[in-house]
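Okay, here's what each chain looks like letter by letter:
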Amino acid sequence: MCKGLAALPATCLKSAKDMKHRLGVLLQKSDSCDYSSSQGKKEKISPSQRVSQEEVKKWAESLENLIHHDRGLAAFRAFLKSEYSEENIDFWVSCEEYKKTKSPAKLSPKARKIYDEFISVQATKEVNLDSCTREKTSHNMLEPTLSCFDEAQRKIFTLMEKDSYRRFLKSPYYLDLVSPPGAGCGPESCQRTHAHSLDCNSNIISQCA
């Protein structure tokens, strides 16, 4: 031991050793968390990769094809979330689930929940509806039926179809699925894939799985 350390009290040396041990444990935990995070992302890649190219290309034929496929719906919702407009697809999905209600006694509470969440003035996830459709839907709440949200749902579907769906097809959220890395990789496509690999792929995978 060097003379400088020998001159220190035993309690100081013990404290220094304890601190060194704690730092070592913290570094190990940090490495473990990084590894777990990377493993989690890799695990989320596999479901998207299992979608056939034929199926993915059908998503570009119509919005209906896209959102009636579980993976397509997840990818589209991830895209909408990146644009802070996921309330549109959430409303559409809620309406689809509502129309499957079999018990008449459950119609009113379910309808009220959807109305309060997406349509009312104080809705937490208010969708963009014209005043006429909003008023008609509000009137339907007096005696809810399985079709009470049909018009509002159609309006939101049309809105997504003409707007966000077209942007989705041009975004990495779709393009990285329809043209996976290595498929016909020319100089330009390779550069595009490399440019997006760090900042796009992780977002797509983590949100779509």
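Residues numbered from 1 in each chain as written. Predicted model: local features only at pLDDT ≥ 70, side-chain atom pairs only at ≥ 80, totals over all residues. Heavy atoms only, no water.

Within an unreviewed UniProt entry, the label attached to the chain reads Regulator of G-protein signaling 4, and the organism entered is Anser brachyrhynchus. What UniProt records for the chain under Function (unreviewed entry) is the sentence "Inhibits signal transduction by increasing the GTPase activity of G protein alpha subunits thereby driving them into their inactive GDP-bound form. Activity on G(z)-alpha is inhibited by phosphorylation of the G-protein. Activity on G(z)-alpha and G(i)-alpha-1 is inhibited by palmitoylation of the G-protein." (UniProt positions renumbered as here; feature names shortened; annotations may be inferred.)

(A) Quick peek at the pattern of salt bridges. All chains considered together, the criterion is met by eleven salt bridges. Here Arg112 ties to Asp116 by a salt bridge, and the two come within 3.6 Å at their closest N and O atoms. On the criterion of helical spacing, the pair formed by Arg112 and Asp116 is a turn pair, its members being four residues apart in helix α7 (residues 104–118). Classification of Asp116 as partly exposed rests on a relative accessible area of 36%. (Salt bridge = Lys/Arg side-chain N within 4 Å of Asp/Glu carboxyl O. Helix = DSSP H or I, 4+ residues; strand = E, 2+ residues; numbered from the N terminus. Buried < 20%, exposed > 50% of the residue type's maximum accessible area, 1.4 Å probe, protein only.)

(B) How the structure looks around the environment of Leu73. In this structure, Leu73 sits in helix α5 (residues 70–82). Sequence-wise, Leu73 and Leu63 are ten residues apart; in three dimensions their C-alpha atoms are separated by 9.5 Å. Once you skip the residues sitting within four places of it in the chain, Leu73 turns out to touch Leu66, Ile67, Ile89 and Val93. (Contact = heavy atoms within 4.5 Å.)

(C) Structural context of the nonpolar core. Among the nonpolar cores identified, the biggest contains 38 residues, and Phe76, Phe91, Phe149 and Phe168 are the most heavily contacted of them. Elements that contribute at least two residues to this core include exactly α4 (63–67), α5, α6 (87–98), α7, α9 (150–162), α10 (164–169) and α11 (172–178). When sequence neighbours within four positions are dropped, the list of residues in contact with Phe76 reads Leu63, Leu66, Ile67, Ile89, Met160, Ser164, Tyr165 and Phe168. (Core = buried A, V, L, I, M, F, W, Y, C linked by side-chain atoms within 4.5 Å.)

(D) Broad picture of the packing of aromatic side chains. One pass over the full model with this rule turns up seven aromatic pairs. Centre to centre, the rings of Tyr98 and Phe149 are 5.4 Å apart; their planes meet at 80°, and the pair counts as edge-to-face. Of this pair, Tyr98 sits in helix α6 while Phe149 is found in the loop between α8 (131–140) and α9, placing the two residues 51 residues apart along the sequence. As far as burial versus exposure is concerned, Tyr98 and Phe149 are alike and both buried. In textbook terms, an aromatic cluster arises when at least three aromatic residues are bridged by ring pairs, as seen for Phe76, Phe79, Phe168, Tyr173 and Tyr174. (Phe/Tyr/Trp six-rings, centres within 6.5 Å; stacked < 30°, edge-to-face > 60°.)

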